[in-house]
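Each chain is listed here by its residues.
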Amino acid sequence: MKNIQTFYGLLLALFLIGCNTSTNSQPISKVIPPVEFEEKMKSEDAIILDLRTDKEVAEGVIPGAIQLDFYADDFSKKVAELDKDKVYMVYCGSGGRSGKTAKLFSEKGFPEVYDLQGGINAWKAAGKKLEK
């Protein structure tokens, strides 16, 4: 009887250890406010993607952003070509397109993506700078 109890005790311990072991394989996909977004932009691996149209981008972009038009015919193809070892910071006008893109990135196995809460509208409301 004691051997069976020991066996089940060890089995339980292994199960609990397995459940509590953290791995870096869980993707990070978060909606974050402008202040936190700006801080995360400083990461060496961060790539800032502006998901707006040419007309919207002409009004100004977050410094360092690269346009990847959500409505472009080749959007999915361009997403598939991106380096999955980078940290992606995505934004649009108010958060709709970037929310869908963050979800898409997670589904495609991108390990870390941050979505600007409220989009560029929130960025401007927070008094953050734009470049043209």
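Preceding this section is the structure that the text describes.
Residues numbered from 1 in each chain as written. Predicted model: local features only at pLDDT ≥ 70, side-chain atom pairs only at ≥ 80, totals over all residues. Heavy atoms only, no water.

(A) Seen up close, the overall build of the protein chain. The number of helices and strands found in the protein chain is six helices and five strands. In the protein chain, the succession of helices and strands from N to C terminus is α-β-α-β-α-β-α-β-α-β-α. Expressed as a percentage of the 132 residues in the protein chain, the buried residues total 29%. Across the protein chain, contacts joining residues at least 24 apart in sequence account for 69% of those joining residues at least 6 apart. With the model as given, the accessible surface of the protein chain reaches about 8500 Å², and the carbon-plus-sulfur share is 54%. (Helix = DSSP H or I, 4+ residues; strand = E, 2+ residues; numbered from the N terminus. Buried < 20%, exposed > 50% of the residue type's maximum accessible area, 1.4 Å probe, protein only. Contact = heavy atoms within 4.5 Å. Areas by Shrake-Rupley, 256 points an atom, 1.4 Å probe, with all protein chains shown as cover.)

(B) Local environment of the environment of Gln117. Considering the arrangement of structural elements, one finds Gln117 in the loop between strand 5 (112-116) and helix 6 (119-125). What makes Gln117 partly exposed here is its relative accessible area of 42%. When the C-alpha positions of Gln117 and Tyr91 are compared, they lie 8.0 Å apart, and in sequence the two are 26 residues distant. Among all residues touching Gln117, those that are not within four sequence positions of it are Val31, Ile32, Pro33, Pro34 and Ala122.

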